[in-house]
Amino acid sequence: MNDLARPGLRSEGATVIRVQTEDFDVGAEIARLRAGNPRVGAVASFVGVCRDLNDGAAVAEMTLEHYPGMTEKALDGIAREARERWDIIDIAMVHRIGPMRPTDQIVLVIVTSAHRGEAFAACEFLMDYLKTRAPFWKKERTPEGERWVDARASDDAAAERWS
Amino acid sequence: MKPVRLDCRAPIETTMLNVLYFARLRESLGRDTEKIDLPPGVADVAGLTAWLRTRGEAWERELAPGRSWRVAVNQDMARGDSPVRDGDEVAFFPPVTGG
């Protein structure tokens, strides 16, 4: 029986890339991505959350800015690279922009695959590359005033592991 | 009367770049976008950066060799020797901090 005869079975997975101001629902995003695909045996996901403390200062609010156009292009390139490295089915990368407060969700990465090893590794890879290659910038509001968040050497080191 | 012979070559076009600035650079340079008529002799990112530095103190400070910034040409990460051509979109921004 070929794929066309079985409507529930997709021969290729989906790549979902979204930049949005609204919050996201992790459960709904996973359900939509899997879409009842019986080939999916593993789902790995990562959620990045806004903290109330960074570099020793209390953070009351944070604003995320991005480079429209390049962001989507960069995320798409990162997703393609993950597909070249691992046998994965679906990828979703959702990143919020605009003002955010502590406990708010910032970023979501989901990977589906047949087995867990590929999904775990690809999810971590996507997140490491997103942090160092996708054009987003954070500005924090602290009691001392506003400040742009500096890039971290540890993020560069995390991305270096994969090269 | 002899017909006038017209010069059919295309008129000389100036090299226009669409330049964008983000985050800290946008704030300290006081603009998010501008059209730049590329000065003669400037052919790559390093040349454009050197020319921008001559605009004044904020430019010299933000784009100083010791500071951390990135450049993208047509929405791909670029290096100093990446060429810049007519119609290109060139963006200057700090190292990224998303996620």
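As shown above, the structure is provided for reference.
Residues numbered from 1 in each chain as written. Chains lettered and ligands numbered in written order. Predicted model: local features only at pLDDT ≥ 70, side-chain atom pairs only at ≥ 80, totals over all residues. Heavy atoms only, no water.

Peer 1: Kindly report on helix 2 (residues 70-85) of chain A, identifying the contributing residues and their values.
Peer 2: Turn by turn, an α-helix covers 3.6 residues, leaving residues three or four places apart pointing in a common direction. For helix 2 of chain A, which comprises 16 residues, the first-to-last C-alpha distance of 23 Å matches the rise-based estimate of 22 Å (1.5 Å per residue) to within 8%. When we look at burial in helix 2 of chain A, the residues that qualify are Met70, Thr71, Ala74, Leu75, Ile78, Ala79 and Ala82 of chain A. (Helix = DSSP H or I, 4+ residues; strand = E, 2+ residues; numbered from the N terminus. Expected span 1.5 Å × (residues − 1). Buried < 20%, exposed > 50% of the residue type's maximum accessible area, 1.4 Å probe, protein only.)

Peer 1: Account for the nonpolar core, with residues named and values stated.
Peer 2: Residues Trp86, Met93, Val111, Phe125 and Leu126 of chain A are the most contacted members of the largest nonpolar core, which totals 32 residues. Of all the secondary-structure elements, those providing two or more residues to this core are strand 2 (42-49), strand 5 (61-66), helix 2, strand 6 (88-96), strand 8 (105-113) and helix 3 (116-133) of chain A. In terms of residues, this core owes the most to one element, helix 3 of chain A, which gives nine residues. Here methionine 93 of chain A is in contact with Val16, Ile17, Arg18, Leu75, Ile78, Leu108, Val109, Leu126 and Leu130 of chain A, once residues within four sequence places are set aside. Formed by 20 residues, the second largest nonpolar core is a distinct cluster that contains Tyr21, Leu38, Trp59 and Ala78 of chain B. (Core = buried A, V, L, I, M, F, W, Y, C linked by side-chain atoms within 4.5 Å. Contact = heavy atoms within 4.5 Å.)

Peer 1: Give me the layout of surface pockets: which residues, what numbers.
Peer 2: Of the voids in this model, the largest pocket is the one considered here, and its volume is about 670 Å³. Lining the largest pocket are 33 residues, and of these Lys131, Lys138 and Asp155 of chain A together with Thr97 and Gly98 of chain B lie nearest its centre. The biggest single contributor to the lining of the largest pocket is helix 3 of chain A, with five residues. Broken down by class, the residue content of the lining of the largest pocket amounts to 15 nonpolar, seven polar and eleven charged. A volume near 150 Å³ is recorded for the second largest pocket. Every residue along the wall of the second largest pocket is listed here: Met70, Lys73, Ala74, Gly77, Ile78, Glu81 and Arg133 of chain A together with Gln75, Asp76 and Met77 of chain B. Elements that contribute at least two residues to the lining of the second largest pocket include exactly helix 2 of chain A together with strand 4 (76-77) of chain B. In terms of residue count, helix 2 of chain A provides more of the lining of the second largest pocket than any other element does, six residues in total. Taken together, the residues of the lining of the second largest pocket sort by class into four nonpolar, two polar and four charged. (1 Å grid on protein atoms, 1.4 Å probe; cavity = no way out; pocket = protein on both sides within 12 Å on 5 of 7 lines; lining within 4 Å. Points joined across faces, edges and corners; volume = space filled by probe spheres on them. Nonpolar A, V, L, I, M, F, W, Y, C, P; charged D, E, K, R; others polar.)

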